[in-house]
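# Working through the structure, step by step
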Amino acid sequence: MPIFTASAEVGSALMACPNNLQTESEFLKALQAADNYYINGDELILNKARIVPLTKFKTFTSDK
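Remember, predicted model here, so these are calculated numbers, not experimental data.

Turning our eyes to something else, we now look at the packing of aromatic side chains. Overall, the coordinates contain one aromatic pair when judged by the stated rule. Between the aromatic rings of Phe27 and Phe57, the centroid separation amounts to 5.5 Å while the plane-to-plane angle is 80°, which identifies the pairing as edge-to-face. In this pair, Phe27 is assigned in helix H1 (residues 21–33) and Phe57 in strand S4 (residues 52–58), connecting sequence segments 30 residues apart. We classify Phe27 as partly exposed; its relative accessible area is 36%. Its relative accessible area of 29% is what places Phe57 among the partly exposed residues.

So, about a nonpolar patch on the surface. Together, Ile51, Val52 and Leu54 line one region of the surface with nonpolar side chains, adding up to about 270 Å² of accessible area. Considering the arrangement of structural elements, one finds Val52 in strand S4.

Moving on, we get to the pairing of strand S3 (residues 43–48). Relative to S3, strand S2 (residues 36–40) is paired through five bridges, and the arrangement is antiparallel. The residue bridging Asn36 from the neighbouring strand is Asn47, located in S3. Hairpin remark: S2 followed by S3, antiparallel, with two residues in the connecting loop; positive phi at Gly41, about 65°. In terms of strand pairing, S3 meets S4 through six bridges, oriented antiparallel. Directly across from Lys48, in S4, lies its bridge partner Val52. Between S3 and S4, which pair antiparallel in sequence order, lie three residues; one of them, Ala49, sits at a positive phi of approximately 60°.

Locating Asn36 in the fold gives a position in strand S2. For Asn36, the side chain forms a polar contact with the side chain of Asp35, separated by 2.7 Å.

Here is what the cut-offs are and how they apply
- Residues numbered from 1 in each chain as written.
- Predicted model: local features only at pLDDT ≥ 70, side-chain atom pairs only at ≥ 80, totals over all residues.
- Heavy atoms only, no water.
- Phe/Tyr/Trp six-rings, centres within 6.5 Å; stacked < 30°, edge-to-face > 60°.
- Helix = DSSP H or I, 4+ residues; strand = E, 2+ residues; numbered from the N terminus.
- Buried < 20%, exposed > 50% of the residue type's maximum accessible area, 1.4 Å probe, protein only.
- Patch = residues over 30% accessible without salt bridge, like charges linked within 9 Å, V, L, I, M, F, W, Y side chains within 5 Å.
- Areas by Shrake-Rupley, 256 points an atom, 1.4 Å probe, with all protein chains shown as cover.
- Salt bridge = Lys/Arg side-chain N within 4 Å of Asp/Glu carboxyl O.
- Pairing = 2+ DSSP bridges.
- Polar contact = N/O pair within 3.5 Å; in protein donor to acceptor, adjacent residues only side chain to side chain.

Read these as geometric descriptors, not functional statements.
Take a look at the structure:
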């Protein structure tokens, strides 16, 4: 069950890391295409039209 539905413009800072520009671009495209999301345990799932999962994010811990 989606938590909310939203529509907004997405942007980013100009000081991006050059090595991650492709990753950032793909991430922003997924955010712009998503029209809802839900949280399932430690996952954030972005969806389009409550049917198509665009991407999933999972929490993790760092040793740093």
